[in-house]
Amino acid sequence: ISCKFEFTNTVCKSFDKEFADFRYCYLKSVNRSYKYMSFRLDLYKPPITKIKFNLIIFKRVNGYRPFMYNITVDGCRWLGSIDSNPFMAFLYGIFKGYTNMNHTCPYDHDMWIEKLPISVINHHLTKVLPVPEGDYLLEYYFRANDVDLGLIKVKGTVS
Ligand SMILES: *[C@@H]1O[C@H](CO)[C@@H](O)[C@H](O)[C@H]1NC(C)=O
Ligand SMILES: *[C@@H]1O[C@H](CO)[C@@H](O)[C@H](O)[C@H]1NC(C)=O
Ligand SMILES: *[C@@H]1O[C@H](CO)[C@@H](O)[C@H](O)[C@H]1NC(C)=O
């Protein structure tokens, strides 16, 4: 199986800018082989003691349709036992070396994923869990301390 992942777009949106806002959120192509994604969420009302997120993965088939996953997770509980959900453990495995969100609650600091290389994502999508070809959209809605806080959307293509 030869398989390649390309990011096509990423969007980060804060729903409550007095609570938290994205300082940056971007994809960068340094050259043909080195591309990465970074974002940083500044936190204005720490600490976060409750996190809930909803992750939906869509696949494009005449428009984007929900595909495989639409899951809601109690983030603080999950961070205490990451391997309890194999798919979430797979996703965490992709970015755990590139983030400061690698511990359980509370969070009293800005949160970031920094320079997550596309090659790492490729490795996971080809060697760890081969994914069928297609255009995908991942939507990650998150709530903290019972406030709807934001959305991260990532589009990509597996070919
Ligand atoms: C791409 O950029 C990285 C980081 O600057 C560098 O290490 C690598 O050699 C470059 N690759 C090519 C093909 O130019
Ligand atoms: C995902 O699941 C949630 C909770 O069950 C539901 O409210 C939402 O409409 C679903 N989203 C999609 C795109 O299916
Ligand atoms: C969590 O991430 C920070 C920042 O990258 C790092 O300094 C720390 O060693 C990591 N902790 C664990 C348990 O991996």
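Here is a short report on the structure shown in this document. If you're wondering where the values come from, they're calculated on a predicted model, not measured in any experiment.

### A closer look at the site of ligand 3
Okay, so step 1: Around ligand 3, the surrounding shell consists of T99, N102 and W112.
Okay, so step 2: Within the backbone of T99, a nitrogen or oxygen atom sits 3.4 Å from an oxygen atom of ligand 3.
Okay, so step 3: N102 is positioned such that a nitrogen or oxygen atom in its side chain is 2.3 Å from an oxygen atom of ligand 3.
Okay, so step 4: Compared with its free state, where it exposes 360 Å², ligand 3 has 29% of that area covered by protein.

### Some details on the sheet that holds strand β6 (residues 111-117)
Okay, so step 1: With antiparallel pairing, three strands are arranged side by side in an open sheet as β2-β3-β6. This sheet does not close on itself; its edge strands, each paired only once, are β2 (20-29) and β6. The average angle at which neighbouring strand axes cross in this sheet is 5°, direction not considered.
Okay, so step 2: Where helix α3 (residues 118-128) meets the sheet, its contacts fall on β3 (35-43) and β6, and the angle it forms with β6 comes to roughly 80°.

### Brief notes about the site of ligand 1
Okay, so step 1: Taken together, V30, N31, S33 and Y34 are the residues near ligand 1.
Okay, so step 2: Here N31 contributes a side-chain N or O atom positioned 2.3 Å from an oxygen atom of ligand 1.
Okay, so step 3: Contact with the protein chains covers 32% of the free accessible surface of ligand 1, which is 370 Å².
Okay, so step 4: Taken together, the residues of the shell around ligand 1 sort by class into two nonpolar, two polar and no charged.

### Side note on the nonpolar core
Soluble globular proteins tend to bury their nonpolar side chains together.
Okay, so step 1: Of all hydrophobic cores here, the largest spans 45 residues; its most connected members are F39, I48, W78 and M88.
Okay, so step 2: Here this core takes seven residues from helix α2 (residues 86-95), the largest share from any one element.
Okay, so step 3: Excluding anything up to four places from it in sequence, M88 contacts F53, L55, I71, V73 and W78.

### Considerations on the state of the cysteines
Okay, so step 1: Enumeration according to the criterion identifies two disulfides in this entry.
Okay, so step 2: In this model C12 forms its disulfide with C25; the gap between the sulfur atoms is 2.1 Å. Here the disulfide of C12 and C25 is right-handed, its torsion about the S-S bond being about 70°. With C12 in strand β1 (residues 5-14) and C25 in strand β2, the pair connects residues that are 13 residues apart, well separated along the chain.
Okay, so step 3: For C76, the disulfide goes to C105, at an S-S distance of 1.9 Å. The S-S bond linking C76 to C105 shows a torsion near -85°; that makes this disulfide left-handed. Within this pair, whereas C76 is found in helix α1 (residues 75-79), its partner C105 is found in the loop between α2 and β6, the two being separated by 29 residues in sequence.
Okay, so step 4: According to the relative accessible area criterion, C76 is buried, its value standing at 16%.
Okay, so step 5: With its disulfide-bonded cysteines labelled consecutively along the sequence, the protein is connected as 1-2, 3-4.

Conventions and cut-offs
- Residues numbered from 1 in each chain as written.
- Chains lettered and ligands numbered in written order.
- Predicted model: local features only at pLDDT ≥ 70, side-chain atom pairs only at ≥ 80, totals over all residues.
- Heavy atoms only, no water.
- Near = heavy atom within 4 Å.
- Polar contact = N/O pair within 3.5 Å; in protein donor to acceptor, adjacent residues only side chain to side chain.
- Areas by Shrake-Rupley, 256 points an atom, 1.4 Å probe, with all protein chains shown as cover.
- Pairing = 2+ DSSP bridges.
- Helix = DSSP H or I, 4+ residues; strand = E, 2+ residues; numbered from the N terminus.
- Axes fitted to C-alpha atoms, helices over the stretch in contact; angles between N-to-C directions.
- Contact = heavy atoms within 4.5 Å.
- Nonpolar A, V, L, I, M, F, W, Y, C, P; charged D, E, K, R; others polar.
- Core = buried A, V, L, I, M, F, W, Y, C linked by side-chain atoms within 4.5 Å.
- Buried < 20%, exposed > 50% of the residue type's maximum accessible area, 1.4 Å probe, protein only.
- Disulfide = S-S within 2.5 Å.

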